[in-house]
Amino acid sequence: MATDAILAVKKAEETAREILEEASTRAKRSTEESSQKAEEEFKRILEEANLEAENLKKAAIEEGEAKAKPILEKGSAEAEELKKMEGEKLEKVANIIIERIVNSNGNS
């Protein structure tokens, strides 16, 4: 009878050891899976953030170009008008500008 009790205790200990090993293995596997899922989620979030940043950059460039277009067109039109001026008129305008610069600096 004592032998039966000892065998039962040994069997219980062996069963407990197996349960602990299995629990440890499951815990380790669960930790690895969690780490892998976290890494995948991090990569997914990073990709989304990069895509959003790229979209914002494109939108900002388009907005800047839209704002700059009328300014550039006006500048081009003014440049064309200056090119069309006759030589004599251009010389008069240049002389007026020179006079204003000289007079404002007091070097007259």
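The model shown is predicted, which means the values in this text are computed figures rather than measured ones.

(A) Local environment of a nonpolar patch on the surface. A contiguous nonpolar patch, built from Val 93, Ile 97 and Ile 101 and spanning about 240 Å² of accessible area, is present on the exposed surface. By relative accessible area, which is 31% here, Val 93 ends up partly exposed.

(B) Spotlight on helix H1 (residues 2-84). Here H1 spans 121 Å end to end across 83 residues, near enough to the 123 Å set by a 1.5 Å rise per residue. The principal kink in H1, of about 30°, is found at Ala 68, preceding the proline Pro 70 by one to four residues.

(C) Broad picture of the pattern of salt bridges. Per the stated rule, a full pass over the model turns up five salt bridges. A salt bridge links Glu 14 to Arg 17, with the shortest nitrogen-to-oxygen separation between them at 2.7 Å. On the criterion of helical spacing, the pair formed by Glu 14 and Arg 17 is a turn pair, its members being three residues apart in helix H1. Given a relative accessible area of 37%, Glu 14 falls into the partly exposed group. Among the salt bridges present, the one from Arg 44 reaches Glu 41, with a minimum N-O distance of 2.4 Å. With Arg 44 and Glu 41 both in helix H1 and three residues apart, the pair spans about one turn of that helix. Using a relative accessible area of 35% as the deciding quantity, one classes Arg 44 as partly exposed. Residue classification places Glu 41 among the partly exposed residues on the basis of a relative accessible area of 35%. A single network of salt bridges, built from pairs that share partners, joins Glu 41, Arg 44 and Glu 48.

Calculation criteria
- Positions within a chain are numbered from 1, following the residues in the order the chain's sequence is written.
- Local features in this predicted model are restricted to residues whose pLDDT is 70 or higher, and side-chain atom pairs enter the listing and the counts only when it is 80 or higher, whereas totals over whole chains, interfaces and linings include all residues.
- Just so you know, side-chain values use all the structure's heavy atoms and leave hydrogens and water out.
- For patches, a residue must show more than 30% relative accessible area and have no salt bridge; joins then use 9 Å for like charges and 5 Å for nonpolar side chains, namely Val, Leu, Ile, Met, Phe, Trp and Tyr.
- Using the Shrake-Rupley algorithm and a 1.4 Å probe, accessible areas are obtained, with residue cover drawn only from the displayed protein chains.
- Salt bridges are identified by distance alone: a Lys or Arg side-chain nitrogen within 4 Å of an Asp or Glu carboxyl oxygen.
- Think of it in three bands: residues with accessible area under 20% of the maximum for their type are buried, residues over 50% are exposed, and the middle band is partly exposed, with areas taken using a 1.4 Å probe on protein chains only.
- Where helices and strands are cited, they refer to DSSP runs of H or I of at least four residues and of E of at least two residues respectively, numbered from the N terminus.
- Every helix has an expected span of 1.5 Å times one less than the residues it contains.
- A residue's bend is given by the angle between axes fitted to the 7 residues ending at it and the 7 residues starting at it.

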